[in-house]
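# Structure assessment
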Amino acid sequence: MKNYENDILERVVKFVGNVIEFTRSFSKDPAGYSVAKQLVDSSGSIGANIVEARNARTRKEFISSLGISFKEAKETKYWLEIAGKSAIGDRSKNIDLYKECDEICKILGKSIGKLRSINN
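Residues numbered from 1 in each chain as written. Predicted model: local features only at pLDDT ≥ 70, side-chain atom pairs only at ≥ 80, totals over all residues. Heavy atoms only, no water.

### Things to note about the overall build of the protein chain
Here is the rule we go by: Here a helix means four or more residues in a row that DSSP labels H or I, a strand means two or more in a row labelled E, and each is numbered from the N terminus. It is over C-alpha atoms that the radius of gyration is taken, and the globule rule equals 2.2 Å times the number of residues to the power 0.38. Relative accessibility under 20% of the residue-type maximum defines a buried residue, over 50% an exposed one, and the middle range a partly exposed one, all with a 1.4 Å probe and only protein chains included. Every residue pair with non-hydrogen atoms within 4.5 Å of one another is taken to be in contact. Using the Shrake-Rupley algorithm and a 1.4 Å probe, accessible areas are obtained, with residue cover drawn only from the displayed protein chains. Note that His is not counted, nor are the chain ends; the positive residues are Lys and Arg, and the negative ones are Asp and Glu. To locate a charge, take NZ of a lysine, CZ of an arginine, CG of an aspartate or CD of a glutamate.
On a plain count of helices and strands, the protein chain comes out with four helices and zero strands. Reading the secondary structure of the protein chain in the N-to-C direction produces α-α-α-α. The C-alpha atoms of the protein chain give 15 Å as radius of gyration, which agrees with the globular expectation for 120 residues (14 Å, within 12%). Taken along the three principal axes of its C-alpha coordinates, the protein chain extends 45 × 20 × 20 Å. Here the protein chain holds 120 residues, and the buried ones make up 38% of them. Partitioning the intrachain contacts of the protein chain with sequence separation of at least 6 by distance along the chain shows that 74% fall at a separation of at least 24. Here the protein chain has roughly 7,100 Å² of accessible surface; of this, 52% comes from carbon and sulfur atoms. Side chains of the protein chain give 21 positive and 16 negative charges; the mean places of these two sets differ by 5 Å.

This is the structure:
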């Protein structure tokens, strides 16, 4: 399990760094600040909850923390979509981040599904 956790965590850390860099180009108005904050918060929470999962005391707690990471990844996709529809930030960077976030969602979703099926 550690290899999975390190691989996904490394990928998420890189992703969050790219999200932070992306948000630095946002307009300095209420919309830019708001979307940037939401993106940084939700993307950062993906990795934070993977770290929580690594420190889980039980399998149930592990799956729960990964579930929160999955929800935060879905929220990040939502905010990337809002940024794209609102023309906030560089469109090509947004598209790349959205694709990466979608991949992270798929990895987390599939992992949670497998863990739950083993658990039942």
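### Overview of unusual backbone geometry
Of note, Ala87 is a non-glycine position whose phi angle comes to about 55°, a positive value. Relative to the helices and strands, Ala87 resides in the loop between α3 (59-85) and α4 (91-119).

### Thoughts on the pattern of salt bridges
Here is the rule: Salt-bridge detection follows one rule: a side-chain nitrogen of Lys or Arg within 4 Å of a carboxyl oxygen of Asp or Glu.
Inspection of the entire model under this criterion finds six salt bridges. The partner of Glu21 in a salt bridge is Arg24, and the shortest N-O contact between them spans 3.1 Å. When its relative accessible area of 55% is taken as the criterion, Arg24 is described as exposed. Salt-bridge contacts for Asp41 lead to Lys37; the nearest nitrogen and oxygen are separated by 2.6 Å.

### Remarks on the environment of Phe22
Among the secondary structure elements, Phe22 is positioned in helix α1 (residues 2-23). Contact partners of Phe22, with chain neighbours within four places excluded, come to Leu39, Leu80, Ile88, Gly89, Asp90, Lys93, Asn94 and Leu97.

### Considerations on the side chain of Ser42
Rules: Here a polar contact is taken to be a pair of N or O atoms separated by no more than 3.5 Å, where protein atoms must pair a possible hydrogen donor with a possible acceptor and residues adjacent in sequence count only if both atoms sit in side chains.
With respect to the helices, strands and loops of the structure, Ser42 is situated in helix α2 (residues 30-54). Classification of Ser42 by relative accessible area gives buried; the value is 1%. Polar contacts involving the side chain of Ser42 include one to the side chain of Thr76, which spans 2.9 Å. What Ser42 contacts, discounting residues up to four positions off in sequence, is Glu72, Glu75, Thr76 and Trp79.

### Examining the environment of Val13
By the element assignment, Val13 lies in helix α1. Its relative accessible area of 53% is what places Val13 among the exposed residues. Here the alpha-carbon distance between Val13 and Phe70, two residues 57 residues apart in the chain, equals 15 Å.

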